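# Analysis of the macromolecular model
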Amino acid sequence: MTPGGRDKGAIAVSLALVALALFVFGQLPSIPADGGYSVLGPRFAPMLVGVGLLAVGLMLLRQALAGGWRAMPPPPDEPLHRPAFLWIAGGMALHMAIIGTVGFTLASTLLFVLVARGFGSRRPAHDAIVGAVLAASVFLFFTRILRLALPASPLGGL
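All values reported here derive from a predicted model rather than from experimental measurement.

Thresholds, definitions, all that
- Residues numbered from 1 in each chain as written.
- Predicted model: local features only at pLDDT ≥ 70, side-chain atom pairs only at ≥ 80, totals over all residues.
- Heavy atoms only, no water.
- Core = buried A, V, L, I, M, F, W, Y, C linked by side-chain atoms within 4.5 Å.
- Buried < 20%, exposed > 50% of the residue type's maximum accessible area, 1.4 Å probe, protein only.
- Helix = DSSP H or I, 4+ residues; strand = E, 2+ residues; numbered from the N terminus.
- Contact = heavy atoms within 4.5 Å.
- Domains from an automatic or database assignment.
- Expected span 1.5 Å × (residues − 1).
- Arc of directions from axis to C-beta.

## Quick notes on the nonpolar core
Membership of the largest hydrophobic core is limited to 5 residues, which are Ile-98, Ile-99, Phe-104, Ala-107 and Phe-139. Contributions of two or more residues to this core are made by helix 3 (82-102) and helix 4 (104-118). Each residue touching Ala-107, except ones within four places of it in the same chain, is listed here: His-95, Ile-98, Ile-99 and Val-102.

Next comes the structure, spelled out in structure tokens:
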């Protein structure tokens, strides 16, 4: 916090959101405008994201310049819980390393198990079942309904 009551971190985050929105708007012309069968076209979703980023960034910037973000609790005075951090970070690193080899569903199931362990779960079999159901549901939604490609298992299917 500066002597004038302005939090430099809050201002920086707010400006970063505004800059990200401007980047999104700057990239819109590179997306082909022909929408095929869709009424809205392929630029609609990125434009909506850009508008949302800009609106949130400007609201946060206004609050940051007026003395700080509203209703923000003070940061906790707790040390880093290293084991939890390592379980979660390790899960993310493993996911990135193996998703192309073992496919989305298995990699995401393992990620779910490791993140759950980081949050204190002691039931890896239960976490694996829940993670597999969620990952398979997401995989099927993206590949069957949205028709987007996700890495499939080398065993086929999911």
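## Notes on the domain arrangement of the chain
Along its sequence, the chain is organised into domain 1 (3-65) and domain 2 (82-146). Placing a centre on the C-alpha atoms of domain 1 and another on those of domain 2 gives a separation of 30 Å.

## Thoughts on helix 2 (residues 44-65)
Here helix 2 is 22 residues long and its end C-alpha atoms lie 31 Å apart, about the 32 Å a rise of 1.5 Å per residue gives. Turning to helix 2, its buried residues are Gly-50, Leu-53, Gly-57, Leu-61, Gln-63 and Ala-64. Along the axis of helix 2, the buried positions cluster into a sector of 165°, meaning they face one direction only. Facing away from the buried side of helix 2, by more than 90 degrees, are the exposed residues Leu-48 and Arg-62. Buried residues along helix 2 sit in contact with helix 1 (8-27). Looking at the residues trailing helix 2, positive phi occurs at Gly-67, about 120°.

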